[in-house]
Amino acid sequence: MNSRTKKLILTAATSLAALATLGSGTYLTMHAANDVSTVSQTAAPKTATADGTKLTATSTSGTKSNYKVTYTDQQGKQSATFQKQTLGTTSTATDEVDYVGQTDGANVKLTKNTTAVVQGTMGHTYIHWNTGKWSVTAVTDNADTSGTPTQFAKQVNSQLKQASLPDTAKTGSVTVYSGTESAKANTVKWQSGKQLYAVNGTTAADTVKLAQKSAD
């Protein structure tokens, strides 16, 4: 191998190494640019207060396409999460919303213009209604003596009318429980394009309030 050939091989190898280094650096820079570390980089609110309880965002992780914000109450307990997922298709995101259409059952009036349907199963009473692009289900444990299922459904409906849910939602669902749910079973979900947003919380009022304060 003559000296000219050796020089060409060395130059090519050096160039490939430089490109590899540049590519790696570019990837790391792009990945870092997409990371989120503060709630201000997301659609989630910094705080939300409902029924005298204030929730504060205490941790944020993920990327701009897929992130999670965790909230704690005044006692430092994790009480809610706000998540965004970017799915493969719009239809997949829509399916994940779990929108419930019209259901059969006895009717109950929540307001002059809002009629809901009552169903009961496995020790719970479900009151369901649809409002625009949102489906709402209020669930009461039949052992709960703090109020009636209709009273709870009226409370939920009243809160929903006080402030709008995210305007960008193409379809959405609200499922809330009358009692405090340790597993964050209260849920508000909505879909916008391929994006699926979900708020989960231990109480109905806090969960709905976080969704109402969303920037998206």
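Residues numbered from 1 in each chain as written. Predicted model: local features only at pLDDT ≥ 70, side-chain atom pairs only at ≥ 80, totals over all residues. Heavy atoms only, no water.

Before going further, it helps to examine the overall build of the protein chain. What the protein chain contains, in helices and strands, is four helices and eleven strands. Per-residue burial for the protein chain yields a buried fraction of 37% across its 216 residues. Put simply, of all contacts in the protein chain between residues at least 6 apart along the chain, 48% involve residues at least 24 apart. Summed over all atoms, the accessible surface of the protein chain reaches about 12000 Å², with 52% contributed by carbon and sulfur. (Helix = DSSP H or I, 4+ residues; strand = E, 2+ residues; numbered from the N terminus. Buried < 20%, exposed > 50% of the residue type's maximum accessible area, 1.4 Å probe, protein only. Contact = heavy atoms within 4.5 Å. Areas by Shrake-Rupley, 256 points an atom, 1.4 Å probe, with all protein chains shown as cover.)

Looking now at helix α3 (residues 149-162). Its 14 residues place the ends of α3 20 Å apart at the C-alpha level, agreeing with the 20 Å of an ideal helix rising 1.5 Å per residue. Of the residues making up α3, those classed as buried are F152, A153, V156, N157, Q159 and L160. Summarising the axial view, the buried residues of α3 lie within an arc of 160°, below the 170-degree limit, and thus occupy one face. Exposed side chains of α3 directed beyond 90 degrees from the buried face belong to Q155, K161 and Q162. (Expected span 1.5 Å × (residues − 1). Arc of directions from axis to C-beta.)

What follows is about the pairing of strand β7 (residues 124-131). Bridge count between strand β6 (residues 114-121) and β7: five bridges; the pairing is antiparallel. What sits directly across from T121, in β7, is H124. Between β6 and β7, which follow one another and run antiparallel, lie two residues, and M122 among them has a positive phi close to 50°. Bridge analysis of β7 against strand β8 (residues 134-141) gives eight bridges, and the strand direction is antiparallel. Note on β8: the bridge partner recorded for N130 is S135. (Pairing = 2+ DSSP bridges.)

It is worth spelling out the side chain of T171 at this point. Within the secondary structure, T171 sits in strand β9 (residues 171-177). The class for T171 is buried, based on a relative accessible area of 12%. The contacts of T171, once residues within four sequence positions are left out, are T94, V97, Y99, K133, K189, W190 and Q191.

On to unusual backbone geometry. A negative phi angle characterises most non-glycine residues, just as the trans form characterises most peptide bonds. Even without a glycine there, the phi angle at D98 is positive, about 65°. Tracing the backbone through its elements, the reader meets D98 in the loop between α2 (90-96) and β5 (106-111). With phi around 55°, K184 is a residue other than glycine that occupies positive phi space. Relative to the helices and strands, K184 resides in the loop between β9 and β10 (186-192). By relative accessible area, K184 is classed as buried at 19%.

Moving on: the nonpolar core. Formed by 35 residues in total, the largest nonpolar core has its most connected members in Y71, F82, W129, V156, V174, V188 and W190. For V174, the contacting residues outside a window of four places in its chain are W134, S135, V136, T137, L165, T187, V188 and V208. (Core = buried A, V, L, I, M, F, W, Y, C linked by side-chain atoms within 4.5 Å.)

Strand order in the open sheet formed by eleven strands is β1-β2-β3-β4-β11-β10-β9-β8-β7-β6-β5, and the pairing between neighbours is mixed. In the strand order of this sheet, the two ends are held by β1 (47-50) and β5, each with one partner. Here the average twist between neighbouring strands, direction ignored, is 20°. Its contacts with the sheet put helix α4 (residues 204-212) on β1, β2 (53-62), β3 (67-72), β4 (78-86), β9, β10 and β11 (195-201), and the angle it makes with β10 is roughly 20°. (Axes fitted to C-alpha atoms, helices over the stretch in contact; angles between N-to-C directions.)

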